[in-house]
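# Survey of secondary and tertiary structure
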Amino acid sequence: MQANTVNKENIEIMVMRFYQKVLQDDTVGPFFIAKLGRNMDNEAWRVHLKLLADFWASIALGDAAYRGNPFAPHMYLGELKRETFEQWLKLFYATLDEVFIPRIADQFKERSSIIAGNFMRNLGIR
Ligand code: HEM
């Protein structure tokens, strides 16, 4: 069932489902496997999943737990291209459509595409 409200619990579900798709994906998956490994139960993944749930909760709920610099790690991941970002967004949108009703999914889509655009601009990707 699609959630009709945003809370920390359904953000955690959204993040988990997104990375399940990412790990299956030949375009985006390798960047995460290189950094965090293949097993979402390991410590590096646990840290990442919590970080990303906090990140989206800071955006959607004003939650104060995330205190990072979201862009910084993307400078050192190897060659990210426009197609990498497009595929990332495609997987993220598909996840949002599964987890949230359209009105909420659309809000996350808008935020994520703005951030992806900023990341691409910072990386000099056209
Ligand atoms: C080309 C697409 C992308 C790839 C391959 C990618 C990959 C990664 C990887 C591998 C990490 C972990 C880095 C580490 O632990 O050292 C990471 C961190 C992160 N990513 Fe991405 N990412 C992409 C796009 C995005 C987008 C569009 C967003 C936001 C809308 C985002 C948000 C974040 C955040 C918040 C972190 C954690 C930053 C921190 O350490 O505080 N990423 N990303």
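In what follows, the accompanying structure is described.

### Structural notes on helix α4 (residues 82–99)
- Helix length check: α4 (18 residues) gives 26 Å between terminal C-alpha atoms against 26 Å at 1.5 Å per residue, within 8%.
- For α4, the full list of buried residues reads Thr 84, Phe 85, Gln 87, Leu 89, Leu 91, Phe 92, Thr 95, Leu 96 and Val 99.
- Its buried side turned inward, α4 meets α1 (8–23), α2 (29–36), α3 (43–61) and α5 (102–122).

### Regarding the coordination of the iron atom of the ligand
- Coordination of the iron atom of the ligand by the protein comes from a single atom, His 74 (NE2), at 2.0 Å.
- Structurally, the position occupied by His 74 is in the loop between α3 and α4.

### Observations regarding the side chain of Lys 109
- Structurally, the position occupied by Lys 109 is in helix α5.
- Taking the relative accessible area as the measure of exposure, Lys 109 reaches 16% and is therefore buried.
- Within the local environment of Lys 109, its side chain forms a polar contact with the side chain of Asp 97, the two groups lying 2.8 Å apart.
- For Lys 109, the residues in contact, after removing those within four places along its chain, are Tyr 93, Leu 96 and Asp 97.

### Quick word on the environment of Phe 119
- With respect to the secondary-structure elements, Phe 119 resides in helix α5.
- A residue is classified by how much of its surface remains accessible, and Phe 119, at 11% relative accessible area, is buried.
- C-alpha of Phe 119 to C-alpha of Ile 59: the two residues are 60 residues apart in sequence and 16 Å apart in space.
- Setting aside its immediate chain neighbours within four residues, Phe 119 contacts Pro 70, Phe 71, His 74 and Phe 85.

What counts, and where the lines are drawn
- Residues numbered from 1 in each chain as written.
- Predicted model: local features only at pLDDT ≥ 70, side-chain atom pairs only at ≥ 80, totals over all residues.
- Heavy atoms only, no water.
- Helix = DSSP H or I, 4+ residues; strand = E, 2+ residues; numbered from the N terminus.
- Expected span 1.5 Å × (residues − 1).
- Buried < 20%, exposed > 50% of the residue type's maximum accessible area, 1.4 Å probe, protein only.
- Contact = heavy atoms within 4.5 Å.
- Donors = N, O, S within 2.8 Å, 3.2 Å for Na, K, Ca; no water.
- Polar contact = N/O pair within 3.5 Å; in protein donor to acceptor, adjacent residues only side chain to side chain.

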